[in-house]
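Understanding the architecture of this molecule
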Amino acid sequence: MSKIIIRFEPDASLDHLEVVVRGPQRDEQAEQWLERLKSLTQSTLTVYDQYGNLNTVPASEVVLVSVEGKTLTVRTQHQDYYAKISLQRLEQALEEHSFVRISRYELVNLKMVQRFEFTGSGTLKLELRGGGSTWASRRCIPAIRRKLEGRD
Amino acid sequence: MGKKCLRLAAAGFLIGVVMGLLIPFIITSLESGSIRFFSSSLQEKTGSMLASLLIHILVSGLYGSVCMAGTVLYDVESWPLALASGVHCLIIVALFEPISLCLRWTSTLAECLIINVIQIVCYFVIWLILWAYYRAQVRTLNELNEAAFRDGQKPEETHQIE
């Protein structure tokens, strides 16, 4: 492993933290550091797969969280996971992110919503990225709007 | 939802009583110049002014209660707007017939059916307004969603590593 220097440079022109990894080339060591730094910036959820194995899933990869009975399902684009936490607690944990309550039973990641559609019968349908869809309560429209406007 | 239903039913009872007294008052004062709060044929049937008034207040209040409490149907999240509106309309229309005949708001079944048709048309207009309102809201959501995507907030995280 080559020598690594970590230092902080004050920059009054910035209003956020900017982490730059500098080096002669983007080699394996640089990739490892980038991955480590990336994991620090992402919220993760502790979930179980269908075999009961413990996994961590970045919140940004979650499409939908739904509850049915006592089972909380965390759906990503690739597979479904399960969590032993209430939907309300999860909603509080994810409220800083792009998640919003769309019904009594579901939270959706707005970054994973392709488009909204109000059907002829009067149902608010959400088409999700990567296929699939779900529906939202009409009462949740103001909350979704506030979230999209960045007011929540 | 149960508490909300009871609150709405209580408010609906008051509205029903007020409307039930106001409408005959306006009609009778315009028609004959005399002031009545219920149909004269109802009094003929009961034989007592007080009994007629009490029956009128109670039944019109109950009708108001059912109409208002029925609006909780719109809160059933899994029901589309058309279903909630349709069921609510059906309750109001179906109840109107026996109530109007009981309180002598209408004297014949034909009159009652005409009012039923007017109710259904009014309901359709209300549903259309609600549908257009929600559709406009959803259009705004799509605009905001597309703007967020264009601004690069989606689908990547804000804390992006390049």
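Note that this is a predicted model, so its numbers are computed, not measured. (Residues numbered from 1 in each chain as written. Chains lettered and ligands numbered in written order. Predicted model: local features only at pLDDT ≥ 70, side-chain atom pairs only at ≥ 80, totals over all residues. Heavy atoms only, no water.)

**Focus: the overall build of chain B**
If you tally the helices and strands in chain B, you get five helices and zero strands. Taken from N to C terminus, the helices and strands of chain B fall in the order α-α-α-α-α. Since a compact globule built from 162 residues should have a radius of gyration of about 15 Å, the 23 Å found for chain B marks it as more spread out than a globular shape. Seen through its principal axes, chain B has C-alpha atoms that stretch 90 × 30 × 25 Å. With 162 residues in all, chain B has 35% of them scored as buried. Considering only intrachain contacts with a sequence separation of at least 6, the fraction spanning at least 24 residues in chain B is 57%. When the accessible surface of chain B is split by element, carbon and sulfur atoms take 72% of a total near 9700 Å². (Helix = DSSP H or I, 4+ residues; strand = E, 2+ residues; numbered from the N terminus. Rg over C-alpha atoms; globule rule 2.2 N^0.38 Å. Buried < 20%, exposed > 50% of the residue type's maximum accessible area, 1.4 Å probe, protein only. Contact = heavy atoms within 4.5 Å. Areas by Shrake-Rupley, 256 points an atom, 1.4 Å probe, with all protein chains shown as cover.)

**Concerning the environment of Glu117 of chain A**
Following the sequence through the fold, Glu117 of chain A ends up in strand 8 (residues 113-118). The spacing of Glu117 of chain A and Leu17 of chain A is 100 residues in sequence and 38 Å in space, taken between C-alpha atoms. The contact partners of Glu117 of chain A, leaving out residues within four places of it in the chain, are Thr123, Leu124, Lys125 and Glu127 of chain A together with Val138 of chain B.

**Focus: the nonpolar core**
In summary, soluble globular proteins display a tendency toward joint burial of nonpolar side chains. Formed by 40 residues in total, the largest nonpolar core has its most connected members in Ile102, Val108, Leu110, Phe116, Leu124, Leu126 and Ile144 of chain A. Contributions of two or more residues to this core are made by strand 3 (62-68), strand 8, strand 9 (124-128) and helix 3 (141-148) of chain A together with helix 3 (49-69), helix 4 (81-102) and helix 5 (109-150) of chain B. In this structure, Val57, Val74, Tyr81 and Ala83 of chain A belong to the second largest nonpolar core, which totals 15 residues. (Core = buried A, V, L, I, M, F, W, Y, C linked by side-chain atoms within 4.5 Å.)

**A word on the side chain of Thr73 of chain A**
By the secondary structure assignment, Thr73 of chain A is in strand 4 (residues 71-76). Note on Thr73 of chain A: relative accessible area 17%, which makes it buried.

**Focus on a nonpolar patch on the surface**
Together, Ile15, Val18, Met19, Leu22, Ile23, Ile26, Ile27 and Leu30 of chain B make up an exposed nonpolar region whose accessible area comes to about 730 Å². Among the structural elements, Met19 of chain B can be located in helix 1 (residues 2-31). (Patch = residues over 30% accessible without salt bridge, like charges linked within 9 Å, V, L, I, M, F, W, Y side chains within 5 Å. Salt bridge = Lys/Arg side-chain N within 4 Å of Asp/Glu carboxyl O.)

**Points about the sheet that holds strand 9 of chain A**
Adjacent strands of a sheet pair through backbone hydrogen bonds, lying either parallel or antiparallel. Reading across the sheet, the three strands line up as 8-9-10 (chain A) and stay open at both edges, with antiparallel pairing between neighbours. In this open sheet, the two strands that pair with only one neighbour each are strand 8 and strand 10 (133-136) of chain A. Strand after strand, the sheet turns through a mean of 25° between neighbouring axes, direction not considered. The pairing of strand 9 of chain A with strand 10 of chain A spans four bridges and is antiparallel. Note on strand 10 of chain A: the bridge partner recorded for Leu126 of chain A is Thr134 of chain A. Running at roughly 165° to strand 8 of chain A, helix 5 of chain B makes contact with strand 8 and strand 9 of chain A of the sheet. (Pairing = 2+ DSSP bridges. Axes fitted to C-alpha atoms, helices over the stretch in contact; angles between N-to-C directions.)

**Things to note about the interface of chain B and chain A**
Taken together, the 29 residues of chain B in the interface contact 35 residues of chain A. Carbon and sulfur atoms make up 58% of the surface buried where chain B meets chain A, a total of about 2800 Å² over both sides. Across the chain B-chain A interface, the total number found is one salt bridge. A salt bridge links Arg139 of chain A to Glu77 of chain B; the shortest N-O distance between them is 3.4 Å. For the pair chain B and chain A, the interface holds twelve residue pairs in polar contact (both at pLDDT 80 or more). (Buried area = accessible area lost by both parts, 1.4 Å probe. Polar contact = N/O pair within 3.5 Å; in protein donor to acceptor, adjacent residues only side chain to side chain.)

**So, the packing of helix 3 of chain A against helix 5 of chain B**
At a minimum axis distance of 10 Å, the contact between helix 3 of chain A and helix 5 of chain B shows a crossing angle of 25°. Between helix 3 of chain A and helix 5 of chain B, the angle is such that the two are roughly parallel. In this structure, helix 3 of chain A crosses over helix 5 of chain B, and the sense of that crossing is left-handed. In this structure, helix 3 of chain A contributes Ile141, Ile144, Arg145 and Leu148 of chain A to the contact, and helix 5 of chain B contributes Tyr134, Gln137, Val138, Thr140, Leu141, Leu144 and Asn145 of chain B. (Parallel < 35°, antiparallel > 145°, perpendicular 65-115°, else oblique. Left-handed = near helix turned anticlockwise from the far one by under 90°.)

**Examining the confidence of the model for chain B**
Residue and element names in this part refer to chain B. Per-residue pLDDT for chain B averages 84, and the proportion of residues at 70 or more is 93%. In the model, residues 155-162 has pLDDT below 50 throughout and makes 13 contacts with residues more than four positions away in sequence or in other chains. Here the complex is predicted with pTM 0.70, and the ipTM for its interfaces comes to 0.70. (pLDDT = per-residue confidence, 0-100.)

**Focus: the layout of surface pockets**
All names here are of chain B. Space inside the second largest pocket adds up to approximately 660 Å³. As for the second largest pocket, its lining consists of 26 residues, and the residues nearest its centre are Met19, Gly20, Ile23, Pro24 and Trp105. Looking at the lining of the second largest pocket, the elements with two or more residues in it are helix 1, helix 3, helix 4 and helix 5. When residues of the lining of the second largest pocket are assigned to their parent elements, the largest contribution, nine residues, is made by helix 1. (1 Å grid on protein atoms, 1.4 Å probe; cavity = no way out; pocket = protein on both sides within 12 Å on 5 of 7 lines; lining within 4 Å. Points joined across faces, edges and corners; volume = space filled by probe spheres on them.)

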